Amino acid sequence: MTTQTLPIYQIDAFTDVPFAGNPAAVVPLSRWLSDDAMQKIAMENNLSETAFFVPCEGEETDFHIRWFTPTVEVPLCGHATLASASVIFNQLGFEGDLIKLQSQSGVLTAHRDGEAIVLNFPKQPIKAETVSSDVIDALGGVMPVETFGVVSRDTDIVAVFDDASIVRNMRPDMSTLAKLADRGVIVTAPGDKTGLDMVSRYFLPALGIDEDPVTGYMHCVVAPYWAEKLGQVDVVGYQASARGGVVACKVDGDRVHLKGEAVLFLKGEIRLPA
């Protein structure tokens, strides 16, 4: 059987050491595969996100990027973009310190900052929303001080608590959250350690991921919220998953700058039927 081979990289994002942060697969392409093929590769990788990108010839952007969970394509992903930028800068010999990426969420940029990479992402608007008692029970039964929804994605529920220990110790009923018809749940609270402004977690079993380890997109929701609450533009978030990760954020109007490092874990090749 004739096969084609594709390069693949696995990057731990929002960390400076392996086995922490959020792992993402990155597959550089010369041209798009079918949506079905990309979804199957993402399912086979079984990571929270697999990013694919192709060069943009003769356009204002350098690459066009797309992101797939094991079950669906998503319109925005931070850690897989950070991982992709790390591959472009450090593995593909990209010249320059700024990458422009076309995406479903508009033009995104990634630029070098020492050993780190800073992403420029759109702020995610929020709207008031009441969360059902079933969801509250699934999160442990503690009543949030505030709840809202994410306008742009119109899928995610956000629950704000007044104590970071509630977020850190939460053991959700994933079977209940999996019934939320493609909705994820973000939980967040004020920071509880020096240098941390917020502590958050992100559960999305309805999208094939029980808990995302470290999420750039989520910080485009919670960073503007806490920045407004605290009266400052620079906020630092800790995502309290088992792997954990710190995301330094700067709110700049309708944009959020996300700063983090990334580590190469593996590189190899995918074999597909030609």
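Thresholds, definitions, all that
- Residues numbered from 1 in each chain as written.
- Predicted model: local features only at pLDDT ≥ 70, side-chain atom pairs only at ≥ 80, totals over all residues.
- Heavy atoms only, no water.
- Helix = DSSP H or I, 4+ residues; strand = E, 2+ residues; numbered from the N terminus.
- Contact = heavy atoms within 4.5 Å.
- Core = buried A, V, L, I, M, F, W, Y, C linked by side-chain atoms within 4.5 Å.
- Buried < 20%, exposed > 50% of the residue type's maximum accessible area, 1.4 Å probe, protein only.
- Patch = residues over 30% accessible without salt bridge, like charges linked within 9 Å, V, L, I, M, F, W, Y side chains within 5 Å.
- Areas by Shrake-Rupley, 256 points an atom, 1.4 Å probe, with all protein chains shown as cover.
- Salt bridge = Lys/Arg side-chain N within 4 Å of Asp/Glu carboxyl O.
- Phe/Tyr/Trp six-rings, centres within 6.5 Å; stacked < 30°, edge-to-face > 60°.
- Lys NZ or Arg CZ within 6 Å of the ring centre and 35° of its normal.
- Disulfide = S-S within 2.5 Å.
- Arc of directions from axis to C-beta.

A. Examining the side chain of Gln39 more closely. Inspection of the secondary structure puts Gln39 in helix α1 (residues 35–45). Setting aside its immediate chain neighbours within four residues, Gln39 contacts Phe68, Thr69, Pro70, Thr71, Val72 and Glu73.

B. Looking closely at the environment of Gln4. Here Gln4 is to be found in strand β1 (residues 3–13). Measuring from C-alpha to C-alpha, the distance between Gln4 and Leu272 comes to 5.2 Å, with 268 residues separating the pair along the chain. Not counting residues up to four positions away in its chain, the partners in contact with Gln4 are Leu33, Ile270, Arg271, Leu272, Pro273 and Ala274.

C. The arrangement of the nonpolar core in detail. Judged by nonpolar contacts, the single largest core of 55 residues is most densely connected at Trp67, Cys249 and Leu258. Tallying contributions element by element places helix α6 (residues 216–230) first for this core, with nine residues. Counting residues in hydrophobic clusters, the runner-up holds 19 residues, among them Val131, Ala138, Phe203 and Ala240.

D. The arrangement of a nonpolar patch on the surface in detail. A contiguous nonpolar patch, built from Phe19, Phe265 and Leu266 and spanning about 310 Å² of accessible area, is present on the exposed surface. Tracing the sequence through the fold places Phe19 in the loop between β1 and β2 (22–28). Taking the relative accessible area as the measure of exposure, Phe19 reaches 62% and is therefore exposed.

E. Focus on the packing of aromatic side chains. Enumeration over the complete set of coordinates arrives at eight aromatic pairs. The interplanar angle of 70° and the centroid separation of 5.6 Å between the aromatic rings of Phe19 and Phe265 together place this pair among those described as edge-to-face. Residue Phe19 is found in the loop between β1 and β2, and its partner Phe265 is found in strand β18 (residues 262–273); the two are separated by 246 residues along the sequence. Residue Phe265 is classed as partly exposed on the basis of its relative accessible area of 40%. The side chain of Arg66 reaches across the aromatic face of Trp32, ending 5.2 Å from its centre.

F. Geometry of unusual backbone geometry. One non-glycine residue with positive phi stands out, namely Phe14, at about 60°. Checked against the element boundaries, Phe14 lands in the loop between β1 and β2. The phi torsion at Asn46 lies on the positive side, around 55°, for a residue other than glycine. Within the secondary structure layout, Asn46 lies in the loop between α1 and β3 (50–55). The class for Asn46 is exposed, based on a relative accessible area of 57%.

G. Quick peek at the state of the cysteines. Using the criterion set out here, one finds zero disulfides in the structure. Free of any disulfide, Cys56 has its nearest neighbouring cysteine sulfur in Cys77, separated by 18 Å. By relative accessible area, which is 13% here, Cys56 ends up buried. Cys77 takes part in no disulfide bond, and the closest cysteine sulfur to it belongs to Cys220, at a distance of 11 Å. For Cys77, a relative accessible area of 4% gives the class buried.

H. Main features of the pattern of salt bridges. Scanning all chains against the criterion turns up twelve salt bridges. Across the pair Arg168 and Asp192 runs a salt bridge whose closest N-O atoms are separated by 2.8 Å. Placement of the pair is Arg168 in helix α4 (residues 164–169) and Asp192 in the loop between β12 (185–190) and β13 (198–204), with a sequence separation of 24 residues. The partner of Lys250 in a salt bridge is Asp234, and the shortest N-O contact between them spans 3.7 Å. Placement of Lys250 in strand β16 (residues 245–252) and of Asp234 in strand β15 (residues 234–239) is noted, with a sequence separation of 16 residues between them. When its relative accessible area of 37% is taken as the criterion, Lys250 is described as partly exposed. A network of salt bridges, in which partner residues are shared, links Asp35, Arg66 and Glu73.

I. A look at α1. Listed in full, the buried residues belonging to α1 are Met38, Gln39, Ile41 and Ala42. For α1, the angular spread of the buried residues around the axis is 160°, confining them to a single face. Those residues of α1 that are exposed and angled more than 90 degrees off the buried face are Met43 and Glu44. Here the buried face of α1 lies against β1, β3, β4 (63–68), β5 (73–74) and β18. Positive backbone phi, at 55°, marks Asn46, one or two positions downstream of α1.

The quantities given are spatial measurements derived from coordinates; they are silent on function.
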